[in-house]
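Structural characterization, general
Listed below are the residues making up each chain.
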Amino acid sequence: MARNVSVQTKTGFTILAWAVALLLFSPILWTIVTAFKTEAEAIAAPPTFLPLTFTLDNFFDVQDRSDYIKHAWNSILVSVGSTLLGLVIAIPAAWSMAFAPTKRTKDILMWMLSTKMMPAVGVLIPIYLIFRDLRLLDTVHGLTIIMTLINLPIIIWMLYTYFKEIPVDILEAARMDGAELWNEIVHVLVPMAIPGIASTLLLNVILAWNEAFWTITLTSGRAGTLTAFISSFSSPQGLFLAKLSAASLLAIAPILLLGWFSQKQLVRGLTFGAVK
Amino acid sequence: MGSITLEHVNKSFGEVEIIPDISLEIKDGEFVVFVGPSGCGKSTLLRLIAGLEDTSSGHIKLDGEDVTGAPPARRGLAMVFQSYALYPHMSVRDNIAFPLKMAKTPQAIIDQKVDYAARTLNLGSYLDRRPRALSGGQRQRVAIGRAIVREPKAFLFDEPLSNLDAALRVNMRLEITELHQQLKTTMIYVTHDQVEAMTMADRIVVLNAGNVEQFGSPLELYKKPANRFVAGFIGSPKMNFVDGPEAEKHKAHAIGVRPEHFTLSTTAGAGQWAGTVNVAEQLGSDTFLHVEVEGLGLMTVRTDGDQTFSHGDKVYLTPDANRIYRFDAAGLAL
Ligand SMILES: Nc1ncnc2c1ncn2[C@@H]1O[C@H](COP(=O)(O)OP(=O)(O)OP(=O)(O)O)[C@@H](O)[C@H]1O
Ligand SMILES: [Mg+2]
């Protein structure tokens with residue numbers, strides 16, 4: 001295990017890693033500092049790095065013009081709602097695929113995954129028309145449904161892989177102990193799969209939060225989420241760099257915080273199969 | 001009550017027929033052991049009785065009631081798995097209480113029964129631990145505790161001791177036997193260890209390739225094996241078989257002599273068969289000699305541990321004339 005690595009090599013790699021990380025992070029960092037500048041300073045040439053006059057006005061402007069709070073609330077409803085709804089459907093589905101597979105189970109799993117490879121625009125027209133006819137356009141519940149459907153294959157796949165790790169003996173023991181299907185899932189399967197379910201939940205909240213294509217095309221004012229908010233903000237007011245930065249920062253902040261606080265859980269869940 | 005009846009039970013996995021046709025009658029309160037070589041279908045047969053697998057055809061009855069299609073939860077049987085299959089996220093107490101919770105037993109009665117089971121199985125000090133923090137033997141006790149609290153119609157054990165070390169296995173074997181004497185509930189016990197089978201069973205089912213070769217008491221199987229398979233399978237070390245002219249002298253296609261049914265001599269000519277000691281396994285109480293007998297091949301002989309032998313010693317064997325087993329060409333006992 002212990003290998004002799006020279007100090008030079010170590011320092012070299014450390015510098016390289018930091019350089020790559022900074023390069024990747026620089027646009028976000030630029031957005032963060034710009035959000036606190038005045039509009040004039042934001043487009044000043046030569047640019048300043050740290051704001052000369054520190055201001056929070058951009059944030060208040062953004063809230064006044066586009067109602068950040070409403071969009072953020074919609075984002076929360078859609079991402080959390082679609083993930084919970086997805087789990088309710090996916091847990092029994094993954095149970096049956098992992099513990100009562102048939103000859104076609106593998107094919108169904110592949111087929112579900114293949115739907116994720118299809119470009120979304122391919123089904124834009126039919127879905128738009130269906131949504132129009134069912135009066136689901138620009139509604140939070142309509143958006144929640146579509147978000148559940150597009151992420152369902154991923155939820156099922158993730159849960160399926162976690163469930164596969166659970167010894168079937170234990171579920172059989174529960175059956176022998178008198179547990180009907182519902183009790184087996186609620187009292188035995190789910191508690192044992194909690195790490196996997198938690199990371200599935202987190203990942204899907206993030207995916208749904210960041211989803212832009214459907215949220216932008218299926219909503220206008222009322223049900224718009226933060227992705228719709230940011231896109232509506234950028235086009236007419238594109239030149240107001242500081243406000244755009246403030247809006248972007250507001251849009252990504254909640255999910256960045258969520259990711260930051262849950263990264264341990266996320267990594268543990270994602271490597272669950274590999275290390276066990 | 002817990003009598004179990006199998007009527008022409010057949011089980012196939014897809015194209016492969018694992019159990020062609022088994023009929024069995026297990027009486028209430030009996031301790032029945034299924035033995036047989038690996039892959040012969042012991043676990044499958046047990047799982048059919050449990051309801052964890054569906055029969056392909058035939059009927060399974062519990063106390064005369066047909067349960068062929070009933071799910072395991074409705075059969076009122078308890079099972080102890082080789083892997084223990086404890087719930088890792090529950091304490092020992094909750095593990096044992098789980099079947100009672102599923103049966104919606106009132107909390108006061110649950111507490112009482114869990115305490116009773118813990119006392120019976122010496123688990124008192126572990127009740128609040130997770131299964132992860134227990135040794136193999138303790139885990140197996142918890143699994144048994146979980147099985148007994150519900151007072152099932154019958155217990156099903158699938159090689160429950162095979163993950164334990166030899167000394168613990170002997171202890172647990174005794175504990176399970178005592179438990180059976182105390183509870184008097186039907187038990188079906190799967191093992192491939194024929195010492196377990198002989199010592200624990202009221203009756204033994206010897207299985208081979210999905211067929212019942214013989215169903216009888218341990219001594220019946222030892223003294224009157226129905227065929228060559230059972231004769232070779234029951235008894236340790238294994239029975240010695242001889243065919244050809246030597247067997248024809250006894251008017252049989254093949255004869256069998258158990259290692260313990262020889263008279264052994266070292267005096268030249270003082271025996272029916274002459275041979276050379278190949279390996280001597282000295283256990284202290286007994287010695288197992290692997291003897292290369294002239295014209296008949298390798299034989300195992302059991303002798304007391306007092307005499308010492310070494311490789312190359314000449315020995316003379318006389319099989320006990322009253323204890324020679326005779327078999328016909330199809331392997332059936334004559
Ligand atoms: N779900 C299954 N699908 C296909 N074949 C199976 C299945 N379960 C068992 N088998 C086959 O059935 C046969 C009997 O298996 P079983 O587990 O009953 O053997 P066993 O007597 O318990 O063996 P062991 O002593 O090794 O536990 C084996 O050949 C096995 O491969
Ligand atoms: Mg088995």
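Bear in mind the structure is a predicted one, so any value in this text is a computation, not a measurement.

Scanning chain A from terminus to terminus reveals 14 helices and zero strands. For chain A, the succession of helices and strands along the chain, N to C, is α-α-α-α-α-α-α-α-α-α-α-α-α-α. Per-residue burial for chain A yields a buried fraction of 42% across its 276 residues. Put simply, 75% of the contacts in chain A that link residues at least 6 apart link residues at least 24 apart. Computed over 18 positive and 16 negative side-chain charges, the inter-centroid distance for chain A is 7 Å.

Contacts between the two partners involve 16 residues from chain A and, on the opposite side, 23 residues from chain B. Interface area for chain A against chain B, summed over the two sides, is near 1700 Å², with a carbon-plus-sulfur share of 63%. Per-residue buried area on chain A facing chain B is highest for Glu172, Met176 and Asp177 of chain A; these three make up 42% of the total on that side. Scanning the region where chain A abuts chain B turns up three salt bridges. Arg146 of chain B serves as the salt-bridge partner of Asp177 of chain A, at 3.4 Å between the closest nitrogen and oxygen. Taken together, the links from chain A to chain B amount to nine residue pairs in polar contact (both at pLDDT 80 or more).

Residue and element names in this part refer to chain B. The environment of ligand 1 is formed by Phe13, Ile18, Ser38, Gly39, Cys40, Gly41, Lys42, Ser43, Thr44, Glu159 and His192. One of the backbone nitrogen or oxygen atoms of Cys40 is found 3.2 Å away from an oxygen atom of ligand 1. Within the complex, 56% of the 640 Å² of free accessible area of ligand 1 lies under protein. Top element by residues in the shell around ligand 1 is helix α1 (residues 42-50). It accounts for three residues. Among the residues making up the shell around ligand 1, the classes are represented as three nonpolar, six polar and two charged.

Below, the discussion takes up the side chain of Lys243 of chain A. Here Lys243 of chain A is to be found in helix α13 (residues 241-270). Apart from residues no more than four positions distant in its own chain, Lys243 of chain A is found in contact with Glu39, Asn58, Asp61, Val62, Arg65 and Phe233 of chain A.

For the rest of this paragraph, the subject is the pairing of strand β7 (residues 154-158) of chain B. All names here are of chain B. Most of β7 is tucked away, with five of its five residues classed as buried. Taking every second residue as pointing to the same face, both faces of β7 are buried, with Ala154, Leu156 and Asp158 on one and Phe155 and Phe157 on the other. One ladder, built from four bridges, connects strand β6 (residues 77-80) with β7; its direction is parallel. Within β7, the residue paired with Ala78 across the bridge is Phe155. In this structure, β7 lies alongside strand β8 (residues 186-190), joined through five bridges in parallel fashion. Residue pairing across strands places Phe157 opposite Tyr189, the latter belonging to β8. Once you follow β7 into helix α5 (residues 166-183) and on to β8, the crossover reads as right-handed.

A word on the domain arrangement of chain A. The domain boundaries assigned to chain A delineate domain 1 (7-59) and domain 2 (67-232). Taken over C-alpha atoms, the centre of domain 1 of chain A sits 36 Å from the centre of domain 2 of chain A.

Before going further, it helps to spend a moment on the sheet that holds strand β2 (residues 16-26) of chain B. Residue and element names in this part refer to chain B. Ordered in space as β2-β1-β4-β5, the four strands form an open sheet in which the pairing is antiparallel. The open sheet has two edge strands, β2 and β5 (65-66), and neither has a second partner. Across seven bridges, the pairing between strand β1 (residues 4-13) and β2 is antiparallel. Each residue of the ladder has a partner; that of Thr5, found in β2, is Glu25. On the sheet, α1 packs against β1, β2 and β4 (57-62) and is oriented at approximately 120° with respect to β1.

Positionally, Gly295 of chain B belongs in the loop between β15 (286-293) and β16 (297-304). Considered as a pair, Gly295 of chain B and Glu246 of chain B are 49 residues apart in the sequence and their alpha carbons are 9.5 Å apart.

Residue and element names in this part refer to chain A. Compared with the 42 Å implied by 1.5 Å per residue over 29 residues, the 40 Å span of helix α1 (residues 7-35) between its first and last C-alpha is a close match. Taking the largest bend as the criterion, α1 deviates by roughly 50°, centred on Ser26, and proline Pro27 comes between one and four positions later. Buried within α1 are the following residues: Val33, Thr34 and Ala35.

All names here are of chain B. The mixed open sheet is built from six strands, whose spatial order is β6-β7-β8-β3-β9-β10. Among the strands making up the open sheet, the edge pair consists of β6 and β10 (211-216). Taking the axes of each pair of neighbouring strands and ignoring which way they run, one obtains an average angle of 15° across the sheet. Packed onto the sheet, helix α4 (residues 136-148) meets β6 and β7 and runs at close to 175° relative to β6.

This part takes up unusual backbone geometry. Geometrically, the link from Ala45 of chain A to Pro46 of chain A is a cis peptide bond, its omega value of -5° lying close to zero. At the junction of Ser236 of chain B and Pro237 of chain B, the peptide bond is cis and its omega measures out at -5° in the coordinates. Phi at His8 of chain B takes a positive value of approximately 45°, unusual for a residue other than glycine. Within the secondary structure, His8 of chain B sits in strand β1.

Formed by 64 residues in total, the largest nonpolar core has its most connected members in Leu159 and Phe163 of chain A together with Leu6, Phe34 and Leu156 of chain B. If we skip the residues at most four places from it in the chain, Leu156 of chain B touches Met176 of chain A together with Leu46, Ile49, Ala50, Leu77, Ala78, Met79, Val80 and Ile188 of chain B. Listed in part, the 45 residues of the second largest apolar core include Val80, Val114, Ala117 and Met187 of chain B.

Reading the values: the criteria
Residues numbered from 1 in each chain as written. Chains lettered and ligands numbered in written order. Predicted model: local features only at pLDDT ≥ 70, side-chain atom pairs only at ≥ 80, totals over all residues. Heavy atoms only, no water. Helix = DSSP H or I, 4+ residues; strand = E, 2+ residues; numbered from the N terminus. Buried < 20%, exposed > 50% of the residue type's maximum accessible area, 1.4 Å probe, protein only. Contact = heavy atoms within 4.5 Å. Lys, Arg positive; Asp, Glu negative; His and termini not counted. Charge placed at Lys NZ, Arg CZ, Asp CG, Glu CD. Buried area = accessible area lost by both parts, 1.4 Å probe. Salt bridge = Lys/Arg side-chain N within 4 Å of Asp/Glu carboxyl O. Polar contact = N/O pair within 3.5 Å; in protein donor to acceptor, adjacent residues only side chain to side chain. Near = heavy atom within 4 Å. Areas by Shrake-Rupley, 256 points an atom, 1.4 Å probe, with all protein chains shown as cover. Nonpolar A, V, L, I, M, F, W, Y, C, P; charged D, E, K, R; others polar. Pairing = 2+ DSSP bridges. Right-handed = clockwise from strand over helix to strand, strands pointing away. Domains from an automatic or database assignment. Axes fitted to C-alpha atoms, helices over the stretch in contact; angles between N-to-C directions. Expected span 1.5 Å × (residues − 1). Bend = angle between axes of the 7 residues up to and from the residue. Core = buried A, V, L, I, M, F, W, Y, C linked by side-chain atoms within 4.5 Å.

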